[in-house]
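Chains, contacts and geometry: an overview
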Amino acid sequence: MHIKTIAPATKAPRPRPLSPNIQIYRPQLTSVLSIANRVTGILLSVGAVGLVIWLSAAAAGPGPYATVQQAIGSWMGRFVLFSCTFTFFLHLCGSIRHLVWDTVHGFELRSIYISGWSAVAASAALTVAAWVAGLCVGGWL
Amino acid sequence: MNRPLFRSPLGRAIGLGSAKSGSQHWLVQRVTAVALVPLTLWFAASIIAHAGSDYPVFIAWLRTPFAAGGMILLLIALFHHAALGLRVVIEDYIHSGVRFAAVIAIQLCCYGLAVTGIVATLRIAFSGE
């Protein structure tokens, strides 16, 4: 007597579809900001190394401190510092969004987009404000 | 892993990791984040206020107990936050045997940098002049 098997054990299982892949997924503000929070976190960790170098130079004396200040004062140094400022404010604003979400608020799609664009706008505004203030205090503006 | 086991779900779960400290990482990440909001803003404002000022002025500022204390708190919160965050990034994207080594390396780097920064701050704070 021949017994018909429903699912032969020898047949390899069909590969299951995976979750939306990043390559075929249209970027949205939500996903871009989620990735950005992680990327800015990594970049700020690198920036934190700069903070320790700067403090160590200050502790070492006026000579080493002047060398580091000169590096920061160069165009390249200022570009890096400017990028760090924007990175910092984007991470700050993104994290405040996350802290609000932790209180189970603002999860409606509309709120998520409002807070997302607010974070981007606030980061840009705060970066410009910080640099205008810094350049004014320093007497460069 | 998928071999049939005549065991209850509880029997399978017992011994598979801690069930008491699961939220610790998440919570400390939030506590350090909340601490970093005022600390980083204070630091940014102080740096802006000292833009263009020379070495003695900057040192005189960092030597005040408030500034030195704030800087040390900033370094502790910053590198603790970074260590927790970078650990998650490594655990999410590195799946090879390097993962464990990378997690250890990043933790050691973060705490080493924190201590380096704190020692530098203390050297400035307690340098007699």
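Just so it is clear, the model here is predicted, and its values are computed rather than measured.

1. Some remarks on the overall build of chain A
On a plain count of helices and strands, chain A comes out with 4 helices and 0 strands. Each helix (α) and strand (β) of chain A, taken in turn from the N terminus, gives the series α-α-α-α. Computed over the C-alpha atoms, the radius of gyration of chain A is 25 Å, more than 25% above the 14 Å expected from 2.2 N^0.38 for a compact globule of 141 residues. A burial count over chain A gives 18% of its 141 residues as buried. Counted over contacts in chain A with a minimum sequence separation of 6, partners at least 24 positions apart contribute 68%.

2. Topic: the overall build of chain B
Secondary structure assignment for chain B yields 5 helices and 0 strands. Element order for chain B, N to C, with α for helix and β for strand: α-α-α-α-α. Counting across all 129 residues of chain B, residues that qualify as buried make up 18%. Here the analysis covers contacts within chain B between residues at least 6 apart in sequence; of these, 68% occur between residues at least 24 apart.

3. Comments concerning the interface of chain A and chain B
Taken together, the contact pairs 25 residues of chain A with 27 residues of chain B. When contributions to the side of chain A that touches chain B are tallied by element, the ones reaching two or more residues are α1 (29-60), α2 (62-73), α3 (75-102) and α4 (109-137) of chain A. Counting residues per element, the side of chain A that touches chain B draws most heavily on α1 of chain A, which supplies 12 residues. A class-by-class count of the residues in the side of chain A that touches chain B yields 16 nonpolar, 7 polar and 2 charged.

4. What to know about helix α2 (residues 24-49) of chain B
A rise of 1.5 Å per residue sets the reference length of α2 of chain B, with its 26 residues, at 38 Å; its end C-alpha atoms lie 37 Å apart and thus fit the reference within 8%. Leucine 36 of chain B marks where α2 of chain B bends most, by close to 35 degrees; the proline proline 38 of chain B follows one to four residues later. When α2 of chain B is considered as a whole, its buried residues turn out to be Thr32, Ala33 and Leu36 of chain B. Structurally, α2 of chain B contributes buried residues whose contacts are with α3 of chain A together with α4 (65-93) of chain B.

5. Quick notes on the packing of α3 of chain A against α2 of chain B
As a packed pair, α3 of chain A and α2 of chain B sit with axes 11 Å apart at the nearest point and diverge in direction by 135 degrees. Here α3 of chain A lies oblique to α2 of chain B, going by the angle between them. Our pair here, α3 of chain A against α2 of chain B, has a crossing hand that is left-handed. On α2 of chain B, the residues that touch Phe88, Leu92, Ser95, Leu99 and Asp102 of chain A of α3 of chain A are Arg30, Ala33, Val34, Val37 and Thr40 of chain B. In terms of residue class, the contact of α3 of chain A with α2 of chain B is made up of 6 nonpolar, 2 polar and 2 charged.

6. A word on α4 of chain B
With 29 residues, α4 of chain B should reach 42 Å at 1.5 Å per residue; the first-to-last C-alpha distance of 42 Å fits that figure. Where α4 of chain B is concerned, the buried positions are Met71, Leu74, Leu75, Ala77, Leu78, Phe79, His81, Ala82, Ala83, Gly85 and Leu86 of chain B. On its buried face, α4 of chain B is in contact with α1 of chain A together with α2, α3 (55-62) and α5 (98-126) of chain B.

7. What to know about the nonpolar core
Residues Ala48 and Ala58 of chain A together with Leu75, Leu78, Phe79 and Ala82 of chain B are the most contacted members of the largest nonpolar core, which totals 33 residues. When residues of this core are traced back to their parent elements, those giving at least two are α1 and α3 of chain A together with α2, α4 and α5 of chain B. In terms of residues, this core owes the most to one element, α4 of chain B, which gives 9 residues. Setting aside residues up to four positions removed in sequence, leucine 78 of chain B forms contacts with Ala48 of chain A together with Leu36 of chain B.

8. Describing the confidence of the model for chain B
Looking at chain B as a whole, the pLDDT averages 90, with 90% of positions reaching at least 70. As scored by the predictor, the complex reaches a pTM of 0.84 and an ipTM of 0.85.

9. Some words on the packing of α1 of chain A against α3 of chain A
All names here are of chain A. Between α1 and α3, the least distance of the axes is 9 Å, while the angle of their chain directions is 130 degrees. Taken as axis vectors, α1 and α3 run oblique relative to one another. Crossing geometry of α1 relative to α3 is assigned as left-handed. Between α1 and α3, the residues in contact are Leu33, Ala36, Asn37, Thr40, Gly41, Leu43, Leu44 and Gly47 and Cys84, Thr87, Phe88, Leu90, His91, Gly94 and Ser95, respectively. Classifying every residue of the contact of α1 with α3 by side-chain character gives 7 nonpolar, 8 polar and no charged.

Calculation rules
- Along each chain, the written sequence defines residue order, and numbers are assigned to residues from 1.
- Lettering for chains starts from A, numbering for ligands starts from 1, and both go in the order in which the items are written.
- The predicted nature of this model means local features are confined to residues of pLDDT at least 70 and side-chain atom pairs, given and counted, to a pLDDT of 80 or more, with totals for whole chains, interfaces and linings taken over all residues.
- Per the convention used, a helix needs a DSSP run of H or I reaching at least four residues, while a strand needs a run of E reaching at least two, with both numbered from the N terminus.
- Radius of gyration means the value over C-alpha atoms here, while the globule rule gives 2.2 Å times the residue count to the 0.38 power.
- Each residue is classed by its C-beta neighbour count within 10 Å, where at least 20 other C-beta atoms makes it buried, 12 or fewer makes it exposed, and intermediate counts make it partly exposed; the C-beta atoms are placed from backbone geometry.
- We call two residues in contact when their backbone-placed C-beta atoms lie within 7 Å.
- Lys, Arg, Asp and Glu make up the charged group, whereas Ala, Val, Leu, Ile, Met, Phe, Trp, Tyr, Cys and Pro make up the nonpolar group; the residues left over, Gly among them, are polar.
- In this scheme, a helix's expected span is set at 1.5 Å multiplied by one less than its residue total.
- Bending is quantified residue by residue as the angle between axes fitted to the seven-residue window ending at that residue and the seven-residue window starting at it.
- Axes here refer to lines fitted to C-alpha atoms; in helices the fit is confined to the stretch in contact. Angles between the N-to-C directions go from 0 to 180 degrees.
- Working rule for angles: under 35 degrees goes down as roughly parallel, over 145 as roughly antiparallel, 65 to 115 as roughly perpendicular, anything else as oblique.
- What makes a crossing left-handed is the near helix being turned counterclockwise from the far one by less than a right angle; a clockwise turn instead makes it right-handed.
- By definition, a nonpolar core groups buried Ala, Val, Leu, Ile, Met, Phe, Trp, Tyr and Cys residues that are joined through C-beta atoms within 7 Å.
- pLDDT is a residue-level measure of predictor confidence that goes from 0 to 100.

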